[in-house]
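Read off the chains here:
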Amino acid sequence: MAELPDKKNAFIDWYLAVVEEAGLSDKRYPVKGMNVWTPYGFQARRNLDAILVREIEATGSRAVEFPTLIPRTEFAKESEHIKGFDAQVFWVTRGGLTELDIPLAMRPTSETAMYPVFALWVRSHRDLPLNVYQVVNIFRYETKTTRPFIRIREIHFFEEHTCQVDEAHATERVRSNLAAFREMARALLLPYLALRRPDWDKFPGAFYSIAFDTPVGAARTLQIGTVHHYRENFARPYEIRYEAADGEQRYVHQTTFGLSERLLGAVLAVHGDQKGAVFPSSIAPYQVVVVPVLGTDAGDGPTKAADEVVRRLRHHGIRVHLDDGDERPGAKYYRWELAGVPLRLEVGRREAESKTATGVDRLGRKGKVTLEHLEHEVRERLTEFDRALGERAHAELVASLSVANSLDDLTGSTTVRVLSWCGSEECGHRIETAIDGGLLGTPEEPLPLPLGAPGPCVACGRSDEARWAVAGRPL
Ligand SMILES: [Zn+2]
């Protein structure tokens, strides 16, 4: 099998090769940007979804599911929103042979599907807060080059929508979403920056947007999630009102929290290496693969021992796969490393006789596992693997950030840049031109760098109102 392209120097080629070779997605479906989830990729997605659902439900959110199609009349009610999405919507204009009176949008996101119904659900302050989420597919007519999991036209999407009594409670919900995302990212071992997007880059219709970005090498960043505060911007056109305790009618304040299969792309991009994908054990389709090593005089010891290992680990709730195909062991090792399996257990004649297995984790660390304490030792190996993987990712995040002191300093950047900005849109655009990318925003959580007070703005030199900001080149 051919070597993977170099991750550092040819990131996108490397990424595409990993997705392909690991068998995570089949892009041969005859609609551009709409890919097939393979069994292996689907299992990773299901494990990922389980984490998102677990964490959001821990904050009191409940699952709903709204229809895919949205009447144009509803879709167009919030003017900024429709302006922002118009160029990306797939329209259904015919039902069978009949032209529809009102064209139907394939949801590109679900504000305009949900909010007319929220207006019916929310009557009194007792109906608040309303915190609901759905995990569904959305559709966006993407015009840039499509990439599996990262930029596609049918997107597996997680969206929370909430209604709160007032702005302060909505702000609190935003904080709660940031905390929930921290737990999600912790499970995926994904380091990230939480940045408040500049006004010109916020979600269409939002009061403000906070995005999570993770650096993915070569000064590129990937947006892996967003939280938006809408204030009353949607509640007014959709008339989502409630009767307050004092008898007055008030508009709700709303928030949303959006994530997608891009998180899977980020896991591949951040953790993967020159040998292929690397999955954290939380979402690995197989956490352990067991390979019996059958030499000429091995007898049936290895096969029997491998069967026992698989049976016991499965019983213990570990996702384990037995690879007893007739390929050479070396070819199997290569393939499962490419597929990102956290731990491989090899069982040959010597292991079978000594009631052990040889464990090799995806970071290449080798050690014996005894059958006597199999479940416990495998758990320990996985925990240690996750710890080391998380540490490696965090170190890469830190290495991918550096402070820039002037506009000149931004030209040809090979890292994501932290800089001082006065907050003006004009300076923001000058920064974007200099880095040939975007002003990603101002940190909502401390950056992993020793930073003092910000100096003068790198664009205009003014010191008043200067704040730290992050600039980079979104993938
Ligand atoms: Zn400035």
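In the block above lies the structure referred to throughout.
Predicted, not measured: the structure shown is a model, and the values here were computed from it.

Asks: Looking at this structure, I do not really get the overall build of the protein chain. What am I missing?
Replies: Of regular secondary structure, the protein chain possesses 13 helices and 23 strands. For 475 residues, the compact-globule estimate of 2.2 N^0.38 gives 23 Å, and the C-alpha radius of gyration of the protein chain, at 25 Å, lies within 12% of that figure. Looking at the protein chain as a whole, 53% of its 475 residues qualify as buried. A separation of at least 24 residues holds for 68% of the contacts in the protein chain among residues at least 6 apart in sequence. Looking at the protein chain as shown, the accessible area adds up to about 21,300 Å², and 50% of this sits on carbon and sulfur atoms. Both charge centroids of the protein chain, one from 60 positive and one from 67 negative side chains, sit 2 Å from each other.

Asks: When you look at the packing of aromatic side chains in this model, what are you seeing that I'm missing?
Replies: Aromatic ring pairs are defined here through the distance separating the ring centres and the angle between the ring planes. Overall, the coordinates contain 24 aromatic pairs when judged by the stated rule. Measuring from centroid to centroid gives 5.6 Å for Y115 and F234, while their planes differ by 80°, and the two rings are edge-to-face. One end of the pair, Y115, is in helix 5 (residues 111-121); the other, F234, is in the loop between strand 11 (220-231) and helix 7 (235-238), with 119 residues separating them in the sequence. No difference in accessibility class separates Y115 from F234, as the two residues are buried. Connected via pairs of aromatic rings, a cluster forms that spans F66, F85, Y115, F118, W121, F203, Y230, F234 and Y238. One cation-aromatic arrangement involves R140 over F157; the distance from NZ or CZ to the ring centre is 5.8 Å.

Asks: Any chance you could explain the layout of surface pockets here in plain terms?
Replies: Summary: where empty space remains is shown by rolling a probe the size of a single water molecule over the atoms. Considering only enclosed or pocket space, the second largest pocket measures out at about 570 Å³ in volume. Looking at the second largest pocket, it is lined by 27 residues, and the ones nearest its centre are K8, V216, G217, A218 and E396. Of all the secondary-structure elements, those providing two or more residues to the lining of the second largest pocket are strand 10 (208-215), helix 8 (262-271) and helix 12 (374-399). Counting residues per element, the lining of the second largest pocket draws most heavily on helix 12, at 5 residues. Here the lining of the second largest pocket is composed, by residue class, of 12 nonpolar, 9 polar and 6 charged.

Asks: So what exactly am I meant to see when it comes to helix 12 here?
Replies: Quick reminder: α-helices carry 3.6 residues per turn. Residues three or four places apart thus point the same way. A rise of 1.5 Å per residue sets the reference length of helix 12, with its 26 residues, at 38 Å; its end C-alpha atoms lie 37 Å apart and thus fit the reference within 8%. Those residues of helix 12 that fall on the buried side of the exposure criterion are L374, E375, E377, V378, R381, L382, F385, D386, A388, L389, A393 and L397.

Asks: Help me understand the side chain of E432, please; the structure alone is not making it clear to me.
Replies: As for its position among the elements, E432 is in helix 13 (residues 425-435). Buried and unpaired, E432 has R197 as its nearest opposite-charge partner, separated by 8.7 Å.

Asks: Is there a simple way to think about the pairing of strand 22 (residues 438-443) in this case?
Replies: Burial analysis of strand 22 places 5 of its 6 residues in the buried class, the great majority of the element. Pairing analysis gives 3 bridges linking strand 22 to strand 23 (residues 467-474), with the strands arranged antiparallel. From the neighbouring strand, L439 faces strand 23, where its bridge partner is A471.

Asks: Looking at this structure, I do not really get the coordination of the zinc ion. What am I missing?
Replies: Tetrahedral metal sites with four donors have an ideal angle of 109.5 degrees; octahedral sites with six donors have ideal angles of 90 or 180 degrees. Protein-derived coordination of the zinc ion comes from C422 (SG), C427 (SG), C457 (SG) and C460 (SG), at a distance range of 2.3 to 2.4 Å. Bound by 4 donor atoms, the zinc ion shows angles of 104 to 115° at the metal and therefore tetrahedral coordination geometry. Between consecutive donors of the zinc ion, the numbers of intervening residues give the motif C-x4-C-x29-C-x2-C. In this pair, C422 is assigned in the loop between strand 21 (416-421) and helix 13 and C460 in the loop between strand 22 and strand 23, connecting sequence segments 38 residues apart.

Asks: What is the right way to look at the pattern of salt bridges in this model?
Replies: Any two side chains of opposite charge can pair, so long as their charged atoms come close to each other. This model, assessed by the stated rule, comprises 37 salt bridges. A salt bridge links K27 to E20; the shortest N-O distance between them is 3.0 Å. Each of D361, R365, E384, R387 and E391 takes part in one network of salt bridges that share partners.

Calculation criteria
- All chains use their own residue numbering, which begins from 1 and follows the written sequence.
- Residues qualify for local features only when their pLDDT is at least 70, as the model is predicted, and side-chain atom pairs are given and counted only at 80 or more; totals for whole chains, interfaces and linings, by contrast, use all residues.
- By convention in this description, side-chain values take in all heavy atoms of the structure and omit both hydrogens and water.
- Comment: elements are numbered from the N terminus, with helices defined as DSSP H or I runs of at least four residues and strands as E runs of at least two.
- Put simply, the radius of gyration uses C-alpha atoms, and a globule should come to 2.2 Å times the residue count raised to 0.38.
- Throughout this description, buried means an accessible area under 20% of the type-specific maximum (1.4 Å probe, protein chains only), exposed means over 50%, and partly exposed covers the range between.
- Pairs of residues are marked as contacts when any of their non-hydrogen atoms sit within 4.5 Å.
- Only the protein chains shown count as covering a residue, and every accessible area follows the Shrake-Rupley method with a 1.4 Å probe.
- By the counting rule applied here, Lys and Arg register as positive and Asp and Glu as negative, while His and the ends of each chain are not counted.
- Charge coordinates come from a single atom per side chain, which is NZ of Lys, CZ of Arg, CG of Asp or CD of Glu.
- Ring pairs shown here join Phe, Tyr and Trp side chains whose ring centres sit within 6.5 Å, with only the six-membered ring taken for Trp; geometry is labelled stacked below 30 degrees between planes, edge-to-face above 60, and tilted in between.
- Either the NZ atom of lysine or the CZ atom of arginine qualifies as a charge over a ring when it sits within 6 Å of the ring centre and within 35 degrees of the ring normal.
- Lining residues are those with an atom within 4 Å of a point, where the points come from a 1 Å grid over the protein atoms alone and group into cavities, where a 1.4 Å probe fits but cannot get out, or pockets, open sets with protein on both sides within 12 Å along at least five of seven lines.
- Grid points are joined across faces, edges and corners, and a volume is the space filled by probe spheres set on the points.
- In this classification, Asp, Glu, Lys and Arg are treated as charged, Ala, Val, Leu, Ile, Met, Phe, Trp, Tyr, Cys and Pro as nonpolar, and every other residue, Gly included, as polar.
- Each residue after the first adds 1.5 Å to the expected span of a helix.
- Salt bridge criterion: a side-chain nitrogen from Lys or Arg within 4 Å of a carboxyl oxygen from Asp or Glu.
- Pairing between strands is defined by DSSP: at least two bridges between the two strands are required.
- Note on donors: an N, O or S atom is included if it sits within 2.8 Å of the metal, or within 3.2 Å for Na, K and Ca, and water is never included, so sites can look incomplete.
- Labels for metal geometry use angle windows, namely 85 to 135 degrees for all angles of a four-donor tetrahedral site, and for square planar (four donors) or octahedral (six donors) sites opposite donors over 155 degrees apart plus all others within 65 to 115; sites meeting none of these are irregular.

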